[in-house]
Amino acid sequence: MTAFEKGTLNRVRVATRASYDQDTVFSILDQGLAAHVGFTDHDRPVVIPMIYGRIGERLYLHGAKAARFAKVLGGGVPICVTVTLIDGIVAGRSAFHSSMNYRSVVLHGTAALVTDPGEREAAMEAVTNHLMPGRWDEVRPTTAKELAATAIISFAIEEASAKARTGPPNDDKEDYDLPIWGGVVPLQTVYGAPEDDGALAPGTELPDSIRKILSG
Ligand SMILES: Cc1cc2nc3c(=O)[nH]c(=O)nc-3n(C[C@H](O)[C@H](O)[C@H](O)COP(=O)(O)OP(=O)(O)OC[C@H]3O[C@@H](n4cnc5c(N)ncnc54)[C@H](O)[C@@H]3O)c2cc1C
């Protein structure tokens, strides 16, 4: 089993909740839908929600060339990305022991603009398929104009950690005698029934990519 090395940036303080195992980190990344992308702009921290895609140990972001993230992150600067899956609300018998069950990752790297045409296309495919597996092969091909308007930012995951909390609250021993409810309210993200846009060409059916996300 391959693990990310513990470095200066990725050491989780509560070791029992930590994992540096690549499979664990990648599994959370692959289940997540949105990333929070952190970087510094004009000496100020900025965190922007974004879609992402993963190819091996690299993460890819895409968006308008004119967007700030593209301008700043294209310059080979530090980047920090987090992805969080929320599994439940933990109701402790005290505010102190109330919490959340979650699985999350924090990734550190150095961002750069992707210019190689082959890598750019692979990145767009990865980002598209991240939300809807196989969608890239179902949509009409991207035009040269669309490609020209799109910036692709990428970074190799240099340091990474996963952290997870599971289970009931860890209340203080004496608090279990109190008539206060303690436990977990599980939380799941579920897809609703697809709603077509009312403009389908005749005979158009629900594609495999959407069927796949609905079937889990
Ligand atoms: C779930 C999700 C996924 C997204 N995926 C992508 C993606 O893959 N590619 C992409 O280009 N964009 C994506 N966006 C939009 C993205 O978050 C930014 O809005 C976008 O990059 C704006 O760039 P900008 O240069 O116009 O703004 P910036 O210059 O980056 O932002 C200027 C200011 O606008 C405000 N702002 C910007 N974005 C947001 C926001 N999302 N919510 C609230 N305030 C905001 C902030 O105050 C920010 O400081 C996504 C948004 C969400 C919520």
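So, how was this worked out
- Residues numbered from 1 in each chain as written.
- Predicted model: local features only at pLDDT ≥ 70, side-chain atom pairs only at ≥ 80, totals over all residues.
- Heavy atoms only, no water.
- Pairing = 2+ DSSP bridges.
- Helix = DSSP H or I, 4+ residues; strand = E, 2+ residues; numbered from the N terminus.
- Near = heavy atom within 4 Å.
- Polar contact = N/O pair within 3.5 Å; in protein donor to acceptor, adjacent residues only side chain to side chain.
- Areas by Shrake-Rupley, 256 points an atom, 1.4 Å probe, with all protein chains shown as cover.
- Nonpolar A, V, L, I, M, F, W, Y, C, P; charged D, E, K, R; others polar.

Visitor: Could you give me a rundown of the pairing of strand E5 (residues 58–64), with the residues and numbers involved?
Guide: Of the strand pairs in this sheet, strand E4 (residues 53–55) and E5 are connected by three bridges, and their pairing is antiparallel. Bridge assignment links Arg54 to a residue of E5, and that residue is Leu59. Connecting the antiparallel pair E4 and E5 is a turn made up of two residues, with Gly56 showing a positive phi of about 60 degrees.

Visitor: An account of the site of the ligand is needed here, citing residue identities and associated values.
Guide: Around the ligand, a shell composed of Ala34, Ile48, Pro49, Met50, Ile51, His62, Gly63, Ala67, Arg68 and Phe69 is seen. One of the backbone N or O atoms of Ile51 is found 3.0 Å from a nitrogen atom in the ligand. When the free accessible area of the ligand is taken as 870 Å², the share hidden by the protein chains comes to 44%. Broken down by secondary-structure element, the contributors of at least two residues to the shell around the ligand are strand E3 (44–50), E5 and helix H2 (68–73). With three residues, E3 is the single largest residue contributor to the shell around the ligand. Residues belonging to the shell around the ligand are distributed by class as follows: seven nonpolar, two polar and one charged.

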